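# Residue-level structural notes
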Amino acid sequence: VATAPVNGPLFSVDGFVKEFIHELNTAQGVALARSSVNDQYLALARTVKNYLMARWLDTNRKTREAKVKTVGYLSAEYLLGRQLGNALLASDLNEIADKGLELCGLDLVTLRNQEVEPGLGNGGLGRLAACFIDSLATMNVPCIGYGIRYEYGIFRQTFVDGRQVEQPDTWLALGSPWEFPHPDASVQVNFGGHTEKYRDADGKERTHWLPDWNVLGVPYNYMVPGYLNGRVNTLRLWSAQATKAFDLPTFNAGDYAQAVRAQTFAENISKVLYPEDSTPQGKELRLQQQYFFVACSLRDFIDNELEDDFDLHHLDERIILQLNDTHPVIAVPELMRILMDEKGFDWDEAWAVTTKCFAYTCHTLLPEALEVWPTELLGRLLPRHLEIIYAINEQLLEEVREAYPGDELRARRMSIIAEFPERGVRMAYLATYAATKVNGVAALHSQLLRDKVLPDFSEMWPDRFTNVTNGVTPRRFVKMANPKLSELISDTIGGGWVTDLERLRELEPFADDPDFRAQFAAAKDWNKRRLAEVLRKRDGIDLPDGHLLDVMVKRLHEYKRQSLKLLHVVSLYEQVISGKLPVDQLTPRTVVFGAKAAPGYKMAKDTIHLINRVAATVSADPRLEGRLKVAFPANYNVTLAEKLIPAADLSEQISLAGMEASGTGNMKFALNGALTIGTDDGANVEIRELVGDKHFFLFGMNEPQVAELGAKGYNPESYYEDNPQLKAALDLVLSGHFSGGDQHLFDAVVYNLLNSDRFMALADFQSYVDAQARVEERYADTDAWTRSAVLNVARSGFFSSDRSMREYIQRIWHTQPMM
Ligand SMILES: CCc1ccc([C@H](C)CC(=O)N[C@@H]2O[C@H](CO)[C@@H](O)[C@H](O)[C@H]2O)cc1
């Protein structure tokens, strides 16, 4: 296979220009002079892809020949972000592309801004999957990421009169140059029908499934380039198509709609991403999506990645399937079905293999986020799988009764089958019983999984439980997103940190170097000016100069407590307009929110509406003399995060302790020199332990205190009554001040806080406000602030997703990098 030598002709500006023009002419069919920006972007993307192609083919060949153990990462979501910038970085083509395009009279930044990011995920879980596959490729670890190629990703958020309005995400409309469809490798996926028992040739009782409908899964391959190492792993996303696309006789009979019904029905399966990121809707289509991509992926690996005569008794030597939360857990009964019904294994043989091939990561603590599929629905859609799940559960209960004779309550507690409120399959229990390892995504989270979410399982199989704290890829979130800081770091300690982030420690002594601090602060200012430019063009938002940039970006959810941040803003505002706080004593601050709400999540949408109303009022009130601004750019996504995070001074990580499994935004902010104000929740705890208490603004109850307050009974109204500042802030909202005098517009939001406040925002209010005062005090001492910011960067190397991958490899996967 011809591999493009790194220093070959292609890797020259001329070679690049030739390739680019060739793509423009042949693939886009236009001449440079007549080409649109989109033509130019697509041609550029294809040119870079061609550079990586040889490496991709080489990687596939070497990996196949080596017969090594591969990580099969099963995730219903991948929040990839724009591909072009990352591909240019990974293949070290930035400079050549920049010069080559200049020769063509074009500008690389303009073309990069043409790309619509593939928003195939909701938030943390999806982005983590993207960081993980980037790390595995950069660490030379064989991995195939399996998922769904949604035709429409996460909705595009717009604001109409301050309210969230969702628009479809037409990310494919202008072409998608990064994917390779392989219809020839399509997989048939069955649904519905019933099962039948029969006796096989040796008289053994067997079962086979007689489905009554099916669809085709078409694989689309995406490159996952390693950073400067020549490896290119694969992300294989499945798209659904009708097996029989078009029913001509029906068409000829004049029933046109019926003729294409099968097609539309099938396509629906991969049509759109479910925009919920915590409360499963339990919709049938969602289960169809989950089984669809799981069935395609297992079939693909067994039929296309293994030798034809491979003995599946040794499947665990060739693949470890990581379950990214419960969404792909139907893979467990699917593998059992394949091994027993298709490969003739008996139960124990099949179970022995299955339990060596899966590992499960849990990403949540919210009980309502744990998926429970009604047996009625599961049995109708996947009758054979329900049978197998019942058999798995029988086996589990047998083991429990053996270990805890007579303890029927325990058996009922641990049953994979829930009886209330309706008969359902607890997917987290199925995953935990079948997996080799179960991990949480931060130390506190993993402990709470053992103690509170899965205590019975942790007691019975203590060694099965482990922790791997999340991480983020330094390639996208430092090297690419923050070129000024990256340059300063590389000039100071060399460039090794990009693939060995713990090297950032070598920056520690420079925290005391005024010159280094000056350059560090200059990089931050440069990022702020860049952000101001972006927000002005993108949202018509003016970002004032010289403000403390206080940023809260994450999905809108009550447990993340955007309402607490809002109460702080309203409280500062109220104090100034009521004359309690002289405006010149206010630290000039701009608060930036970024957050999408699940369309069906009313309280979240009402909170967005209130934030926008407060933003409009506060930012325009002359009495604040421009010293307090609130900005809420719409459609927060990976691309905006790459501009926002490097510009931030203060990172808001203020969830109720015990609620945020880990958080990953918190890590990105620390690595980009923002200081964190946060609770002892998720990975905040580990950030604080590493950067040091002096360089982290801790506030609020910790998890045991939350549990204690919850147990003794929490009365939010008492905090309102006892705290005049809090009362004044809430009363200002109730007065209609932010709603044109309409005193009831935000009743739902305010009375939810006063009457229930499930996530105890009012209880943590005073501690939060006090911590914000400490923030203002520290910010007033620029040297002290910058010193803390440098130490945050220097001490956050642990939060690289490369380190997370090393731990998964050592503790869970036992795979090897390929040299
Ligand atoms: C079925 C509905 C649904 C969809 C997505 C999810 C995800 C698990 C939610 C999620 O993204 N969790 C986040 O995962 C991150 C990566 O581990 C963590 O850093 C966040 O703390 C966690 O909220 C739950 C339920």
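Looking at an unreviewed UniProt entry, the protein chain carries the name Alpha-1,4 glucan phosphorylase, with the source organism given as Raineyella antarctica. One UniProt comment on the protein chain, placed under Catalytic activity (unreviewed entry), says "[(1->4)-alpha-D-glucosyl](n) + phosphate = [(1->4)-alpha-D-glucosyl](n-1) + alpha-D-glucose 1-phosphate". The UniProt entry for the protein chain carries the following text under Cofactor (unreviewed entry): "pyridoxal 5'-phosphate".

Along the polypeptide, V232 turns up in strand 12 (residues 232-242). The class for V232 is buried, based on a relative accessible area of 1%. Those residues in contact with V232 that lie beyond four places of it in its chain are L52, R55, W56, T59, N60, M223, V224 and P225.

Moving on, we come to the side chain of T59. For T59, the location among the structural elements is in helix 2 (residues 37-66). Taking relative accessible area as the criterion, T59 reaches 6% and is therefore assigned buried. Setting aside chain neighbours within four positions, we find T59 in contact with G230, R231, V232 and N233.

This part takes up the sheet that holds strand 24 (residues 675-678). The strand order 22-21-20-23-24-25 describes an open sheet built from 6 strands, whose pairing is parallel. Whereas interior strands pair on both sides, the edge strands pair on one side only; in this sheet they are strand 22 (628-631) and strand 25 (697-698). Taken strand by strand, helix 21 (residues 562-577) contacts strand 20 (548-553), strand 21 (589-594), strand 22 and strand 23 (650-653), and its axis lies near 155° from that of strand 21.

A few words on the packing of aromatic side chains. What the rule picks out here adds up to 25 aromatic pairs. A centroid spacing of 5.1 Å and a plane angle of 65° characterise the contact between W56 and F180, whose relative ring orientation is edge-to-face. Highlighted residues: W56 in helix 2 and F180 in strand 7 (residues 179-181), separated in sequence by 124 residues. Under the relative-accessibility criterion, W56 is labelled buried at 5%. Each ring, one from W347 and one from W351, has its centre 6.4 Å from the other, and the planes form 10°; the classification is stacked. Residue W347 and its partner W351 are located together in helix 11 (residues 347-357), separated by 4 residues, close to a single helical turn. Through pairs of rings, three or more aromatic residues link up here, namely W347, W351, Y429, Y433, F457 and W461. Positioned over the ring face of W461 is R464, at 4.5 Å from the centre of the ring. In this structure, R803 is placed above the aromatic ring of F798, and the distance from its NZ or CZ to the ring centre is 3.8 Å.

Definitions and limits used
Residues numbered from 1 in each chain as written. Predicted model: local features only at pLDDT ≥ 70, side-chain atom pairs only at ≥ 80, totals over all residues. Heavy atoms only, no water. UniProt positions renumbered as here; feature names shortened; annotations may be inferred. Helix = DSSP H or I, 4+ residues; strand = E, 2+ residues; numbered from the N terminus. Buried < 20%, exposed > 50% of the residue type's maximum accessible area, 1.4 Å probe, protein only. Contact = heavy atoms within 4.5 Å. Pairing = 2+ DSSP bridges. Axes fitted to C-alpha atoms, helices over the stretch in contact; angles between N-to-C directions. Phe/Tyr/Trp six-rings, centres within 6.5 Å; stacked < 30°, edge-to-face > 60°. Lys NZ or Arg CZ within 6 Å of the ring centre and 35° of its normal.

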